[in-house]
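Structural overview
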Amino acid sequence: MKDTPQRMVTDGQVTEWGRFRYPFRVENLRDLDLRIAGIPVPRPLRRFRLKEWQHVAVVGDDLAMAFAVVDTHYLANAFCWTADPDGGRFVEHHREGPALAVRIAKDLFSGECRFDCRGFSVRIENRLGDGEHRIRLDIDASGNRPAVTGDLVLHEDVAVRQPLVVVLPVGPGRPMYTHKSVCPVSGTVTVGERRHELDATRDLALLDVQKTYYPYRTFWRWATFAGRDAFGRLLAINLVHNVIEDDERFNENTLWVDGALHPLSAARFEFNRNDLSRPWRLRTTDGRVDLVFTPVGRREGRVNVGAVMSDYKECFGRFDGTVTDAEGNSYPVDGLRGVAEDHEARF
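Reference entry: report on the structure contained in this document. (Residues numbered from 1 in each chain as written. Predicted model: local features only at pLDDT ≥ 70, side-chain atom pairs only at ≥ 80, totals over all residues. Heavy atoms only, no water.)

A sheet is described by the order of its strands in space; here nine strands give the open sequence β22-β21-β20-β19-β27-β26-β25-β24-β23, paired in antiparallel fashion. The two strands at the open ends of the sheet, each matched to only one other strand, are β22 (260-263) and β23 (267-270). Neighbour to neighbour, the strand axes of the sheet diverge by 20° on average, direction disregarded. Sheet topology note: the strand β19 (residues 217-228)/strand β27 (residues 330-346) ladder contains ten bridges and is antiparallel. Within the sheet, the bridge partner assigned to Trp222 lies in β27 and is Glu341. (Pairing = 2+ DSSP bridges. Helix = DSSP H or I, 4+ residues; strand = E, 2+ residues; numbered from the N terminus. Axes fitted to C-alpha atoms, helices over the stretch in contact; angles between N-to-C directions.)

Taken as a whole, this structure holds 35 salt bridges when the rule is applied. For Asp229, the salt bridge is made with Arg233, and the minimal N-O distance between the two is 2.6 Å. Asp247 is the partner of Arg268 in a salt bridge, and the nearest nitrogen-oxygen pair spans 2.8 Å. Here the residue Arg268 occupies a position in strand β23, and Asp247 occupies one in the loop between β20 (234-242) and β21 (254-257), the gap between them amounting to 21 residues. Residue classification places Arg268 among the partly exposed positions, given a relative accessible area of 32%. When its relative accessible area of 7% is taken as the criterion, Asp247 is described as buried. Several salt bridges converge on common partners, so that one network encompasses Arg298, Glu300, Arg302, Asp311 and Lys313. (Salt bridge = Lys/Arg side-chain N within 4 Å of Asp/Glu carboxyl O. Buried < 20%, exposed > 50% of the residue type's maximum accessible area, 1.4 Å probe, protein only.)

Quick look at the nonpolar core now. The biggest cluster of nonpolar side chains holds 50 residues, and the ones touching the most others in it are Phe67 and Tyr177. At five residues, strand β16 (residues 174-191) tops the list of elements feeding residues into this core. In contact with Phe67, other than residues within four places in its own chain, are Gln54, His55, Val56, Phe79, Cys80, Val122, Ile124, Ile135, Leu137 and Leu152. By size, the runner-up hydrophobic cluster in this structure holds 35 residues, among which are Val170, Trp220, Trp256 and Tyr312. (Core = buried A, V, L, I, M, F, W, Y, C linked by side-chain atoms within 4.5 Å. Contact = heavy atoms within 4.5 Å.)

So, on to the packing of aromatic side chains. Going through the model one piece at a time under the given rule, you end up with 15 aromatic pairs. Seen in terms of ring centroids, Trp53 and Trp220 are 5.3 Å apart; in terms of plane orientation they differ by 35°. Their pairing is tilted. One end of the pair, Trp53, is in strand β6 (residues 51-59); the other, Trp220, is in strand β19, with 167 residues separating them in the sequence. In terms of burial, Trp53 and Trp220 fall into one category: buried. (Phe/Tyr/Trp six-rings, centres within 6.5 Å; stacked < 30°, edge-to-face > 60°.)

Scope: geometric values only; no functional claims are made or implied.
If you want it as structure tokens, here you go:
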């Protein structure tokens, strides 16, 4: 891994590609000299090609949960779902709104995310310098779906658990930035009349921040889990197969063992797109990951309006198999919980 540059972009160009040791202080991708077919894109129009979000998946003792705030810069959307770990009592809320409804943090040290529409509010205060991300959820009941409220703190100590920090090319001159980390989580989530208490000594959250100049047609398959094995070791994974052509050289695939980060080779997903409830097979080309993901529930989001299309599915369930770290030590994965996504888009 490389030392982290002060800025992502210098003089209109990506400062350096690759994996970095520490989070970026300045996430200035909007300063990129973006070109399409060799033609410079005027600065006011660049933001329409930049896709940004902050996503959190919670792996609690009695709660599975995920929520996200997304800005495509011509449309804002957000979702939140909760479920029992075995897939029961699934509750989903989602909302689309104008671009003014959303704000994505400029950085993780003092930046704030928000999505505010009537009856649907998500606010995230990123305070990485203080080792935490503070989250407030306030979502009204709708139809037969109960209200969801929450006050959460994600505890991210980069000295204890190294985050995944990468800047990678998803196309010529098109950078992808992501910061992903495994965080103990504390606080409360209330779904209808049921209150869930999250304990940072037991419960975990997976933080996913992304800012990317995706090509117009794109796709990704993503899987992540976190939990402790029979020996109490914290295991977590991030696997992605996307539009990056040379994904042996450039990828974000990572295994965490007790907070230490172990890079992996290219990831491959085998699953039935027509029946996502069937088990998925997840492997890496270096043979260090061999997993089966068994979904127990999912949410779907579809948009098809003229030139804009998004077909998004996020499943949650259990992972089983084996993973191997960079030193050759293998770890059994037995029912650890997480999420997997299948997404195709034109945006």
